[in-house]
Every structure is written in C-alpha cells, then in structure tokens.
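Spelled out, the chains give:
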Amino acid sequence: MAKIYTDSDADPSVLEDSTVAVVGYGNQGRAQALNLRDSGVNVVIGGLPDATLDQARDNGLPTMSVAEAAAAGDIICLLIPDDVQQPVYRNEILPHLSPGKALDFAHGYNVHYGFIAPPKEIDVIMVAPRMIGVGVRHAYTAGRGVPAFVAVQQDGSGKAWPKTLALARAMGGTRTGAIESTFAEETELDHFSEQFVWPAVFRVLVGAFDFLVEKGYQPEAALMELWVSGEAAEVLQRMAEVGIFQQMAFHSPTSQYGTLTRMERALPQETRECMEAALKDIRGGVFAEEWETERASGYPVFTRLRDQVLRHPVNGLEEAVRQLVRE
Ligand code: NDP
C-alpha cells in the first residue's frame, strides 16, 4: 500500500529559520510561493527582470535575480519550464549550492533523465502537486489542499524528508494527502498520461467529431454532445469523487447498458501495443532525448504541430457553440 502523508506527519518548525527561494513566478511558482508565504514561510522570488517579477513584488514578495535567490535560499524551488531548467540550473543556481541546501522540483523530469545532477551534499526533493497552479492556489485559499507526489532523490543533509514534508504541508499538499513516490515514478506516470492517455482522448474526441460531421450530423450538435456542453467535464469530476464505474449511476440505464455492452469493442486489442510503445519511449529516454533536441533546435516540430491543430475546424466552432451554452 502506498504511503500517504498528511498534515500530522509534517513538522512546520523545520522551515522556521529557513528561506525558501522560488525560482519562477508562473503557473506553479506563483501558486506555491503565495501558499508558502500565507503559511508563514519566509519566501523570496527569483526571476528575470520583467513584468512577471513586478507582479511578484506587487503581491508583496521580495524579488531578485535567479542567482541572488539561489544564494539566499536554503530550499530552492525550481519552478520554471522543464525545458529551460538545465541551463538556468547550471549557470545561476549550481554556483550557489552549498552543503545542507535543498533543491526542490515540481516534476522529476530533469533529475530522472540526468539533465540536472546536483552535488551529493545537496538534498534533491520533490513536491509535485497533481493540479494546475491556479487550482493549487484556489484550493489553499478555500481551506482545502490538492493531492501531491512527494519524493527524495538525494538526502545530502540527512533531513531531506522532514524538509520535503514541511514544504508540502506549507503548500497545502498534505491537507488531503501526499503520496510517497520517486522521481522516476512521478516522471514516468506523468509522461504516460501526457503521451498515451491524453493523446488517445484527444484523438477519440476529435476523430469522433470529424466522423460524425462526415456522416451528416450538424457540427454544432456534435461538438455540444462531445465536450463543449461541459457534460464530459462533469463526468470526469464525478469519476474523481465517487469512482469511474460508481459514477455510472448518474447516467440512465440505457446509457449504462450501451456503455457496458460496447466497452470491449470501443478500442482495438492493439491499443495495448500503443501503451507499450509509449512507455518504452518514456523509460528508455527516447522522448527526453527527442525533447532536448527539439529545444536545442528552436522547437520546430512543436511549433508546426501546435499550428496544425489550431487550424482544425473545431477551433472556430467551439466558441460559437460555447456561446449557446452560456446563453
Ligand atoms: P511556467 O511556464 O508557468 O513558468 C513560467 C515562469 O518561468 C515565469 O516566471 C518565467 O519568467 C520563468 N522563466 C522562464 N524561462 C526562464 C529563464 N530562462 N530564467 C528565469 N525564469 C524563467 O512553468 P510551470 O509553472 O508550468 O512549471 C514549473 C514546474 O512545475 C515544471 O517543472 C512543471 O513540470 C511543474 N508542474 C507544472 C504544473 C502546471 O500546473 N503547469 C503542474 C505540476 C507540475 P518570465 O515570465 O519572466 O518569462
């Protein structure tokens, strides 16, 4: 059974005399920094000298360069995009890492694939919320928490776990429960969702839209049925709350019967081979190497594919159908 940590497992006094440097004030950086600050932690923000850093200052947080924050922080939370972490770490953080400091991540990617390998005297820890940043902040201010993965990759100080749990608690991550994991597990599970589950969902939904329009259904009606009404989002929410099959009770018997009798044939047996292929790329480092090459060459494939999906006819139509739902 997985180990789950709650508030009572974490000692907030561990952070009492510490400074937590949050590097990056984006999705996670902003949410985590504000939660830490509101939990009484001494927080500083490191970033580029631009409007983002101004926003942090306007939110009442001390701001400075990344290097200055790295020098000031006993715990340094690296909350900038994964694909830019390596050079920022090498040039601006590594020179300020002294024994006893901790480097915290919200995703295991760079450590797991060896792009960042801190000296062995450093604690390498992870508090990875299973939630987008706005959700992390919203839950905290509402008195709730969001589930998180916590892990220690390297325990240089001998106190890495108490630091990790205190940090998770101050972010609101142990209110509902933080699951003990590893950098490898968090990264591979996250990438499996991103590289198999969500592509499959997107393909099924957009493929169903294209198919239904081809068969003569009104595009607006098809979109409304598939995801724009918000019913799909409600179903996912109920899955999280009561269970994937338990939530079927909210649907009509006709719907339940249709789903249960057609579930097997909905996807071909070869789907499992697709899962194997996705996991092989993730575990073998093929994806990580490909993404690193993509970054180094200026994101040509990423840009082309993103432009391509944004040209799909659903993009214009979604807004029109959303208006119908709103009115
Ligand atoms: P964002 O894309 O929101 O990060 C943006 C921030 O990074 C901005 O403050 C930006 O500064 C700063 N930044 C970008 N490049 C640099 C640079 N070269 N030097 C200094 N600062 C820079 O990142 P996320 O919050 O999405 O992700 C942060 C981490 O959290 C990642 O490891 C991610 O995997 C993880 N994570 C993210 C989740 C999410 O909700 N998005 C969920 C769980 C984990 P500026 O605005 O000045 O350019």
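Here the structure is a predicted model, which means the values were calculated and not measured.

Asker: How should the packing of aromatic side chains be read in this particular structure?
Answerer: Think of a pair of aromatic rings as described by two things: how far the centres are apart, and how the planes are tilted against each other in angle. Within the structure shown, the criterion is met by 9 aromatic pairs. Measuring from ring centre to ring centre gives 5.5 Å for Phe192 and Phe196, while their planes differ by 25°; the resulting arrangement is stacked. Of the two residues, Phe192 and Phe196 are both situated in helix H8 (residues 183-214); the distance of 4 residues between them amounts to about one turn of the helix. With a centroid separation of 5.5 Å and 55° between ring planes, the pair formed by Trp291 and Tyr299 is classed as tilted. The structure contains a cluster of three or more aromatic residues connected by ring pairs, namely Tyr109, Tyr113 and Phe115. Taking NZ or CZ as reference, Arg130 lies 4.3 Å from the ring centre of Phe149, over its face. The aromatic ring of Phe302 is capped on one face by Arg306, whose charged end is 4.3 Å from the ring centroid.

Asker: So what exactly am I meant to see when it comes to the pattern of salt bridges here?
Answerer: Side-chain pairs of opposite charge can arise whenever the charged atoms involved come near each other. Scanning the model with the defined rule gives 13 salt bridges in all. Between Glu188 and Arg283 there is a salt bridge, with its nearest N and O atoms 3.5 Å apart. Highlighted residues: Glu188 in helix H8 and Arg283 in helix H12 (residues 271-283), separated in sequence by 95 residues. The buried category is assigned to Glu188, whose relative accessible area is 16%. The class of Arg283 is exposed, set by a relative accessible area of 56%. Here Arg238 ties to Glu241 by a salt bridge, and the two come within 3.0 Å at their closest N and O atoms. Pair noted here: Arg238 and Glu241 are both in helix H10 (residues 231-242), with a separation of 3 residues, about one helical turn. Relative accessible area serves as the criterion here: at 25%, Arg238 is assigned to the partly exposed category. Several salt bridges share partner residues, and in doing so they unite Arg37, Asp38 and Arg137 into one network.

Asker: Looking at this structure, how should I read the sheet that holds strand S6 (residues 102-105)?
Answerer: The strands making up a sheet associate through hydrogen bonds between their backbones, and the pairing can be parallel or antiparallel. Ordered in space as S1-S9-S8-S7-S6-S5-S2-S3-S4, the 9 strands form an open sheet in which the pairing is mixed. Looking at strand neighbours, the two that pair on one side only are strand S1 (4-5) and strand S4 (63-64), the edges of this open sheet. In terms of strand pairing, strand S3 (residues 42-46) meets S4 through 2 bridges, oriented parallel. Each residue of the ladder has a partner; that of Ile45, found in S4, is Thr63.

Asker: Got a minute to help me understand the site of the ligand in this structure?
Answerer: Neighbouring the ligand are 22 residues; Tyr25, Gln28, Asp50, Thr52 and Asp82 lie closest to it. The contact in question runs from an oxygen atom of the ligand to an N or O atom on the backbone of Tyr25, over 2.8 Å. One nitrogen or oxygen atom from the main chain of Asn27 is found 2.8 Å from an oxygen atom belonging to the ligand. Protein chains shield 75% of the accessible area of the ligand, which is 910 Å² for the free molecule. When residues of the shell around the ligand are traced back to their parent elements, those giving at least two are helix H1 (27-38) and helix H4 (82-93). Broken down by element, the residue count for the shell around the ligand peaks at 4 residues, all from H4. The class makeup of the residues in the shell around the ligand is 12 nonpolar, 8 polar and 2 charged.

Procedures and definitions
- Residues numbered from 1 in each chain as written.
- Predicted model: local features only at pLDDT ≥ 70, side-chain atom pairs only at ≥ 80, totals over all residues.
- Heavy atoms only, no water.
- Phe/Tyr/Trp six-rings, centres within 6.5 Å; stacked < 30°, edge-to-face > 60°.
- Helix = DSSP H or I, 4+ residues; strand = E, 2+ residues; numbered from the N terminus.
- Lys NZ or Arg CZ within 6 Å of the ring centre and 35° of its normal.
- Salt bridge = Lys/Arg side-chain N within 4 Å of Asp/Glu carboxyl O.
- Buried < 20%, exposed > 50% of the residue type's maximum accessible area, 1.4 Å probe, protein only.
- Pairing = 2+ DSSP bridges.
- Near = heavy atom within 4 Å.
- Polar contact = N/O pair within 3.5 Å; in protein donor to acceptor, adjacent residues only side chain to side chain.
- Areas by Shrake-Rupley, 256 points an atom, 1.4 Å probe, with all protein chains shown as cover.
- Nonpolar A, V, L, I, M, F, W, Y, C, P; charged D, E, K, R; others polar.

That is the geometry; function is a separate question.
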